[in-house]
Structures are given as C-alpha cells and as structure tokens.
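# Breakdown of the fold
Chain residues, written in single-letter form:
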Amino acid sequence: MFSDFYAGTISRVNADGSVTLLFSGLAGPEGLVYLPDGTLIIAEQRTNRILQIAPGTSAPTVLRVLPGTPSGLSCKDGVDGIALDPTSNTLIVPDSPTGNVYRMSLDGKTLTLLSGGIVRPVGAAVDTQGNVYIADECGGAVVRIAPDGKTTRIGGFGMPDDVAFDAQGNML
C-alpha cells in the first residue's frame, strides 16, 4: 500500500503487480498505519489532520486536527510520517508546523506532548523498548525520545525523511 501526496490517493500493489486505487480525494496523504483490527490511519499533510478508514467503509473520518497550521514557509508543511507504538497502543504523531511530537490515543481524543523544539519532525518509529525515533528533516538529525521523556539528537545527516527498524533492531 502507498500514498500519493500529489494525486491525493492511496493505492495497493497487488501480488500480480497491478495497482488498485483504494481511496482518492485526500489532501496530501503521507503517513499510513494499519491497526490490528484493519483500520487504516492516514496523516493528511495539507490539512494537518489524522484520518481513519474503518474496515468496510469507503470514506475517511477525522480522528484529530493537529494544533499546527501548514504554511508555505520552509520546513513548515503539515503532518508527515506517523507510527503505531505497540508498547502503549497509541500513535506517534510529529506535528511539523509546531515542531512538536505527540502521542495520540487510537480514538483521537487524547493528544499528549512528548517533545518540542524539533525543526521539522516528519518520520516516526518506535523500538521494542518504547523509544520513539523522529526524523528531523530540516534539522539534519534523528531525535530519540526515551520512555522517561529524555531526548537525544543524533546528528550529521542531510535531510532525513523517515525512520524504520530492520529485523535485528537496527534503525534504517
């Protein structure tokens, strides 16, 4: 499955290599997370919203409008990559316009600040110990947020856009 920011679509690549359009009419879809129950969570960049599409439905509903307002200023686009934190069953949501990273309940009702002051938080991943990793695209770093809230900047990168872990736990 992949999002196409410019076309406003989410599509699936099938086993035979063909592509099936699943959803269209979105305002800059970026990050995608599937929940265990089959619900699809979408980060919609142009509106800075988190959407959900429940199994058996064909239209998204708004889970949460994030505090930041996307703008044309450098490094102030809307929400980008998001991640599921399986250690707490919550979503990790970098809010690029504000430079904040939030933990959001799966129903969208609770939004808790994890860290702030990141130039442009975009991609997110969570390791097995509950450490949150955020790609700071315009800050040239990856930020680690430990479960106790302590942050560590790992710098020296160009413009990291996303983070992920391989099977051995190495950050890619």
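Preceding block: the structure.
Predicted, not measured: the structure shown is a model, and the values here were computed from it. (Residues numbered from 1 in each chain as written. Predicted model: local features only at pLDDT ≥ 70, side-chain atom pairs only at ≥ 80, totals over all residues. Heavy atoms only, no water.)

Further remarks concern the packing of aromatic side chains. Applying the stated criterion across every chain, the model contains two aromatic pairs. Geometrically, the ring pair formed by Phe5 and Tyr6 is edge-to-face, given 4.9 Å between the ring centres and 80° between the ring planes. Accessibility expressed as a relative area gives 15% for Phe5, which makes it buried. The exposure class of Tyr6 is exposed, given its relative accessible area of 71%. When the centroid spacing of 5.3 Å and the interplanar angle of 75° are considered together, the rings of Tyr133 and Phe165 count as edge-to-face. Placement of Tyr133 in strand S13 (residues 132–136) and of Phe165 in the segment after strand S15 (151–155) is noted, with a sequence separation of 32 residues between them. According to the relative accessible area criterion, Tyr133 is buried, its value standing at 11%. (Phe/Tyr/Trp six-rings, centres within 6.5 Å; stacked < 30°, edge-to-face > 60°. Buried < 20%, exposed > 50% of the residue type's maximum accessible area, 1.4 Å probe, protein only. Helix = DSSP H or I, 4+ residues; strand = E, 2+ residues; numbered from the N terminus.)

A full pass over the atoms with the stated rule returns six salt bridges. Here Glu44 ties to Arg49 by a salt bridge, and the two come within 2.7 Å at their closest N and O atoms. Residue classification places Arg49 among the partly exposed positions, given a relative accessible area of 25%. Between Arg120 and Glu137 there is a salt bridge; the shortest N-O distance is 2.2 Å. Of this pair, Arg120 sits in the loop between strand S11 (111–115) and strand S12 (121–126) while Glu137 is found in the loop between S13 and strand S14 (141–145), placing the two residues 17 residues apart along the sequence. Assessed through its relative accessible area of 13%, Glu137 is described here as buried. The structure contains a network of salt bridges with shared partners spanning Asp77, Asp80, Arg120 and Glu137. (Salt bridge = Lys/Arg side-chain N within 4 Å of Asp/Glu carboxyl O.)

Within the secondary structure layout, Tyr102 lies in strand S10 (residues 100–105). By relative accessible area, Tyr102 is classed as buried at 9%. The sequence separation of Tyr102 and Leu113 amounts to eleven residues, and the corresponding C-alpha distance is 4.5 Å. The residues contacting Tyr102, other than those within four sequence positions of it, are Pro67, Leu91, Ile92, Val93, Asp95, Leu111, Thr112, Leu113 and Leu114. (Contact = heavy atoms within 4.5 Å.)

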